[in-house]
Amino acid sequence: MQNKATQQLDSVVVRFAGDSGDGMQLTGGQFMMASVIAGNDIATFPDYPAEIRAPAGTLAGVSGFQLHFAANEIFTPGDAVDVLVAMNPAALAKNLGSLKEGGALIVNESSFSKKGLKMAGFETSPLENDSLDDYQLYKVDLARLTQDALAEHGLSAKEVARCKNFLALGLMCWLYERPVDTVVEEVTARFGSKPKYLEANLAAFKAGYNYGENSEQFLVRYQVPAVPDITAGTYRNITGNEAIAIGLVAAAQKAGRQLFYGSYPITPASDVLHYLSGYKHFGVRTFQAEDEIAAVCATLGAAYANALAVTGTSGPGLALKAEAVGLGVMTELPMVIVNVQRGGPSTGLPTKTEQADLLQSVYGRNGESPTAVIAARSPGDAFYAAYEAARIAIKHMMPVIVLSDGSIANGAEPWRVPNVDDLKAFESTELDTAEGLGEEGFQPYTRNENLARPWAKVGTRGLEHRLGGIEKWDITGHISYDPDNHHHMTMLRQDKVDRVTGSMAPLDVIGDKSGDVLVVSWGSTYGTCLTAVRQLQREGKSVSMVSLRWINPLPADLDAICNSFSTVLVPEINNGQLLKLMREQFSFNGRGYNRIAGQPLQVSAVRDAIVDCLSS
Amino acid sequence: MNAPVPRKFKAKEFASDQDVRWCPGCGDYAILAGVQRALAKQGVTSENIAFISGIGCSSRFPYYMSTYGFHTIHGRAPAIATGFKVVAPHMQVWVVTGDGDALSIGGNHFIHALRRNVDLKILLFNNRIYGLTKGQYSPTSEIGKKTKSSPLGSIDNPFNPMSVAIGAEATFLARTIDVDAKVMQPVLAAAAGHGGAAFIEILQNCNIFNDGAWEDIAAKQVRAEKTILLQHGQPMVFGAQRDKGIRIRGVTPEVVTIGEDGITEADLWVHDEKDEDSTRAFLLSRMNGPAFPVPVGVLRAVERPIYDRAVNAQVAQAEAAKPADLQTLLNGRKSWTVG
């Protein structure tokens, strides 16, 4: 047995890439869990192809899973990749550009056949020429190794081939000293009901691990220690979509109401519907509607009937829902609309991330139809964004849009689980009795200090009333075309949204309260911006940052904070939408950094943009 | 549904204090009065009832009722009503719509509410025109209809709401004429008592934009000859002298004269509203003038699982079977503790 050296590393970025049918998401997910249990901080970025199953070996069918794991707190899945595991030539062709010079390239050489090479656009095999000289190349005959490992398992050739990703996983777990027991536990939990496959996968996994141990190619192992000084608490791994789902269940429980979720399957939001469909034991009613409009309409009907009413979708669906959201604004009903943004416009890039629905969310309805908009900034944070949206919707009797995006939805990070008792309490204007009403009886548009109207409990005698989309007199709610009333109501509906600022915490400035550059981030640019800002702060630069939870209304203290800096930089994965919104509302010296490529922003690019601001 | 309260109700109790604004002579007045009367007979108090409408003259309806009500957006009432009913199953929910609202923009929601068999009472006021927007043709307007948007005559082929409803697997189908209280009252009562989606097509007259659309069959003088009141278990007889009937041979109905060619009531098609197979209901839906009298009354009333009840039953079952601890949900399948 060779004596293998061990090296310690602070952080590693691994990307697993293969054909859609190669199980890269599964493999990446298992490696991620192992890293999480090993005590590393992690951030993931799954990169799905848009097609469900493109022909095997083609570039269109390449699926990737990137995992950044570290011995310190990290906030992004990593700009450049340290280790690329390429299961076939197409995966290599598509992902090589992201691999660092000198990075490790582990390829499944069994798949570099004439056919495979041709489909990936290679004239000759890159394994045989010098095109990969800039990298540490490791050729592994995964097919043969898997066949050898599973010779006695009584599986068909196809079944054997499908286990090769576990062999690759085993090798990687050896290479980075991941806790084997965890992987075995996780795999058992997942495949327990299919003993034949469980045995095979575990055998392949162990074979991969042993291969690392015995192979002459791999002479060094790496250790990425656990993160010290983690805040005490209970942690779990979570994706953004799951966080939204459990955030809504938590909200319904704390509000003491039924959760009604009306939705239509759409990438990348469908998993929210899937999760919630499994929570019937929490009294959750999910409604898979015939279309996006039916989904939001059923949600509005449920809101009228006093449920915590939520609908979820992506950009194209939000466009369809506009009229119904407007009806919610007009009838002042509490409703949450979750938009998991994706590349647009139109069908766009369904499996890629983007932040370009900000203006649509703030403005996209006919007439003056102001709607509150809140954004999640990371997978774990999506729990709080959904919870708060529900709380504000009910407290202020209005629709609230929650913005998430593809990278948050499918990305994962460790999350400190809140104690249920610590979650914020709900306030509502629900009225369940007609006692105490004056001789005018129930008037559906009387208001409290938040301008919220009463939420009559349907079925209560004496509270019968009619809501409608036509303009109405304030207080009584009867139809009115009176000019002064319409102006009054228009201003009132704006005022309602403006008053949400009263429910906001002061903005947290990361860094000095004044200085040269302020980075204003919203949504998923949080991790990237924070990493760049922290780097520059460590270098002594005068850079600070705020991360906006609320998009509409904007926080009341944003103006003063922005004006305490010489330049404000707003990095966005859109063409400058938050920047536009801010400029409308107050003056400041701002500029944007915009790259709309269906990918998270790169730390190096944001850093360069900040440095640009510093030097000008 | 709530049990009727044992006291006498007045129709007026179900009227709101708002002035009714339909055009004088509009068929909607008769429908409004008929519905208020039916609710009074039913004996369910107003707080247990909701009227949900779309957009159109029909859809002003909720404002004139003293129940809960929601005047929503064009075509979307069945969808809104579905969410409402799932969350508040104890409420009796009526949907008021029109030929444009339900069959044009709202077609999708209409068919899915019927398909799902959501417990909604759907009143479709069919006046074969778009009234509120002042006179465009609708999906039920006849070919050649001259309107503001079809000055040379409509080239659009109309379809038949009843046939569409059957295609959507509707469990309850009925038809009535707006001014025919004798037919409307039992139809409304039957719809209210039906478990699931109840579709009632109300042939309504818009005297401003499409006056006389149904005159050929609905006018008092011709009604007996031009319509046939269907009654479950009864042979199909019609005519002022009750001397005509419908006989069916295979899948072909035909009008026959009782007493001629030895035809007696025994030869006539006996109406079976509970026929599980919708074929015959479909044939009834195709019966139209001039060859046939238009069927009114209840065409079909079958039982099928009710959507909102099934949703809530499934939830109740899950709640009984599995403990629901929020902290456990938040912790997830695998969690670890630090410090």
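For clarity, every value in this text was computed on a predicted model and none was experimentally measured.

Student: Got a minute to help me understand the overall build of chain B in this structure?
Tutor: Looking only at helices and strands, chain B features 11 helices and 12 strands. Here chain B has a C-alpha radius of gyration of 22 Å; the compact-globule value for 339 residues is 20 Å, and the two agree. Dimensions of chain B, computed from the C-alpha atoms along their principal axes, are close to 95 × 50 × 45 Å. Taking all 339 residues of chain B together, the buried fraction comes to 48%.

Student: Whenever I open this one, the overall build of chain A confuses me. Can you help?
Tutor: Per the secondary structure count, chain A includes 20 helices and 24 strands. Computed over C-alpha atoms, the radius of gyration of chain A comes to 27 Å, within 12% of the 25 Å expected from 2.2 N^0.38 for 616 residues, which places it in the range of a compact globule. Here the C-alpha coordinates of chain A stretch approximately 90 × 60 × 45 Å along the principal axes. The contacts of chain A with a sequence gap of at least 6 include a subset with a gap of at least 24, amounting to 76%.

Student: Could you clarify how one ought to interpret the sheet that holds strand E21 (residues 543-548) of chain A in this entry?
Tutor: Sheet strands associate in pairs through backbone hydrogen bonding, adopting either a parallel or an antiparallel arrangement. Residues and elements named next belong to chain A. As summarised here, the arrangement of the four strands in space is E21-E20-E23-E24, forming an open sheet in which the pairing is parallel. Of all the strands in the sheet, the pair left with one neighbour each is E21 and strand E24 (590-594). Direction aside, the axes of adjacent strands within the sheet are offset by 25° on average. Pairing between strand E20 (residues 515-522) and E21: six bridges, direction parallel. Paired with Val520 across the bridge in E21 is Val546. Packed onto the sheet, helix H20 (residues 603-615) meets E20, E21, strand E23 (565-572) and E24 and runs at close to 155° relative to E23.

Student: Would you mind showing me how to read the interface of chain A and chain B here?
Tutor: Interface size is commonly expressed as the accessible surface area that is lost when the partners come together. Contacts between the two partners involve 53 residues from chain A, matched on the other side by 51 residues from chain B. For the side of chain A that touches chain B, the secondary-structure elements that each account for two or more residues are strand E9 (233-239), helix H9 (240-255), strand E10 (259-263), strand E11 (285-288), helix H11 (292-304), helix H12 (315-331) and strand E19 (466-468) of chain A. A breakdown of the residues in the side of chain A that touches chain B according to their chemical character gives 29 nonpolar, 15 polar and nine charged. Sheet analysis places E9 of chain A next to strand E12 (residues 335-338) of chain B, joined by four bridges and oriented antiparallel. Paired with Gly233 of chain A across the strands is Val338 of chain B, a residue of E12 of chain B.

Student: Whenever I open this one, the domain arrangement of chain A confuses me. Can you help?
Tutor: Residue and element names in this part refer to chain A. You can read the domains of chain A as domain 1 (5-223), domain 2 (235-503) and domain 3 (515-615). Relative to domain 3, the C-alpha centre of domain 2 lies at a distance of 28 Å. Of the residues lining the interface, 26 residues belong to domain 2; the matching set on domain 3 comes to 24 residues. Of all the elements in the fold, those that place two or more residues in the side of domain 2 that touches domain 3 are helix H13 (358-363), strand E14 (372-375), strand E15 (399-405), helix H15 (406-410) and helix H16 (483-498).

Student: Just to check I follow, could you spell out unusual backbone geometry for this structure?
Tutor: If a residue is not glycine, its phi is most likely negative; likewise, a peptide bond is most likely trans. All names here are of chain A. With an omega dihedral of 0°, the bond running from Thr267 to Pro268 counts as a cis peptide bond. Among the structural elements, Pro268 can be located in the loop between E10 and helix H10 (270-277). That bond from Gly344 to Pro345 is cis: its omega, -5°, falls within 30 degrees of zero. Position of Pro345 among the secondary structure elements: in the loop between strand E13 (335-341) and H13. In this structure, Asp229 is a non-glycine residue whose phi angle is positive, near 55°.

Student: Just checking my understanding: could you explain the nonpolar core for this structure?
Tutor: It is characteristic of soluble globular proteins that their nonpolar side chains tend to be buried jointly. Ala386 and Ile551 of chain A are the most contacted members of the largest nonpolar core, which totals 277 residues. Per element, the largest residue contribution to this core is 11 residues, and it comes from helix H14 (residues 381-396) of chain A. Formed by eight residues, the second largest nonpolar core is a distinct cluster that contains Trp22, Tyr130, Tyr137 and Cys206 of chain B.

Student: What am I meant to see in the pairing of strand E5 (residues 81-86) of chain A here?
Tutor: Every other side chain in a regular strand lies on the same face of the sheet, so the side chains alternate between the two faces. Residues and elements named next belong to chain A. With five of its six residues buried, E5 lies for the most part within the structure. Bridge count for strand E2 (residues 11-19) against E5 is four bridges, and the pairing is parallel. When the sheet's bridge partners are listed, Ala17 is paired in E5 with Ala86.

Student: Quick question: what am I supposed to make of the sheet that holds strand E6 (residues 99-108) of chain A here?
Tutor: Residue and element names in this part refer to chain A. On the basis of which strands lie adjacent, the open sheet formed by six strands has the order E3-E4-E2-E5-E6-E7 and mixed pairing. Edge positions in the open sheet fall to strand E3 (41-47) and strand E7 (136-140), since each of these has one partner strand only. Sheet twist, expressed as the mean angle between neighbouring strand axes with direction ignored, is 15°. Note: E6 against E7, five bridges, orientation parallel.

Student: So what exactly am I meant to see when it comes to helix H6 (residues 164-175) of chain A here?
Tutor: Count 3.6 residues to each turn of an α-helix, and residues three or four apart come out pointing the same way. Residues and elements named next belong to chain A. With 12 residues, H6 should cover 16 Å at 1.5 Å per step; its first-to-last C-alpha distance of 17 Å lies within 8% of that length. With respect to burial, H6 is a largely interior element, 12 of its 12 residues being buried. The complete set of buried residues in H6 reads Lys164, Asn165, Phe166, Leu167, Ala168, Leu169, Gly170, Leu171, Met172, Cys173, Trp174 and Leu175. Looking one or two places after H6, you find Glu177, whose phi comes out positive at around 45°.

Student: Would you mind showing me how to read the packing of helix H2 (residues 77-87) of chain B against helix H4 (residues 107-116) of chain B here?
Tutor: Two measures define how a pair of helices packs: the angle their axes make with one another and the distance between the axes. All names here are of chain B. Two elements in contact, H2 and H4, have axes separated by 8 Å at closest approach and are oriented at 40°. Here H2 lies oblique to H4, going by the angle between them. Taken together, the residues of H4 that come into contact with H2 (itself represented by Pro78, Ala79 and Thr82) are His109, Phe110 and Ala113. For the contact of H2 with H4, the residue count by class is four nonpolar, two polar and no charged.

Student: So what exactly am I meant to see when it comes to the packing of helix H17 (residues 525-538) of chain A against H20 of chain A here?
Tutor: Residue and element names in this part refer to chain A. Where H17 meets H20, the closest approach of the two axes is 9 Å, and the angle between their N-to-C directions is 55°. Classified by the angle between their axes, H17 and H20 sit oblique to one another. Read as a crossing pair, H17 and H20 show a hand that is right-handed. On H20, the residues touching Thr528, Cys529, Thr531, Ala532, Gln535 and Leu536 of H17 are Val603, Val606, Arg607 and Ile610. Looking at the contact of H17 with H20, its residues break down into six nonpolar, three polar and one charged.

Student: Sorry if this is basic, but what is going on with the environment of Glu435 of chain A here?
Tutor: Of note, Glu435 of chain A is situated in the loop between strand E17 (430-431) and strand E18 (455-456). Glu435 of chain A sits 81 residues away from Asp516 of chain A along the chain, and the two C-alpha atoms are 60 Å apart.

Student: Where do I start with the environment of Ser542 of chain A in this structure?
Tutor: Residues and elements named next belong to chain A. With respect to the element layout, Ser542 can be found in the loop between H17 and E21. With 426 residues separating them along the chain, Ser542 and Gly116 place their C-alpha atoms 51 Å apart. If we ignore the near neighbours within four places in the chain, the residues touching Ser542 are Asp512, Gly515, Asp516 and Val517.

Student: Looking at this model, I keep getting lost on the confidence of the model for chain B. Mind explaining?
Tutor: For any part of a model where pLDDT is low, the fine detail of the predicted coordinates should not be relied upon. In this model, chain B carries a mean pLDDT of 96, and residues with pLDDT of at least 70 account for 99%. At the level of chain-chain contacts, confidence expressed as ipTM amounts to 0.97, with global pTM at 0.93.

Student: Looking at this structure, I do not really get the environment of Val93 of chain B. What am I missing?
Tutor: Residues and elements named next belong to chain B. As for its placement among the helices and strands, Val93 is situated in strand E3 (residues 92-98). For the pair Val93 and Asp119, spaced 26 residues apart in sequence, the C-alpha to C-alpha distance is 7.4 Å. Excluding anything up to four places from it in sequence, Val93 contacts Ala50, Ile52, Ala81, Phe84, Lys85, Asp119 and Leu120.

Parameters and conventions
Residues numbered from 1 in each chain as written. Chains lettered and ligands numbered in written order. Predicted model: local features only at pLDDT ≥ 70, side-chain atom pairs only at ≥ 80, totals over all residues. Helix = DSSP H or I, 4+ residues; strand = E, 2+ residues; numbered from the N terminus. Rg over C-alpha atoms; globule rule 2.2 N^0.38 Å. Buried ≥ 20, exposed ≤ 12 C-beta atoms within 10 Å, placed from the backbone. Contact = placed C-beta atoms within 7 Å. Pairing = 2+ DSSP bridges. Axes fitted to C-alpha atoms, helices over the stretch in contact; angles between N-to-C directions. Nonpolar A, V, L, I, M, F, W, Y, C, P; charged D, E, K, R; others polar. Domains from an automatic or database assignment. Core = buried A, V, L, I, M, F, W, Y, C linked by C-beta atoms within 7 Å. Expected span 1.5 Å × (residues − 1). Parallel < 35°, antiparallel > 145°, perpendicular 65-115°, else oblique. Left-handed = near helix turned anticlockwise from the far one by under 90°. pLDDT = per-residue confidence, 0-100.

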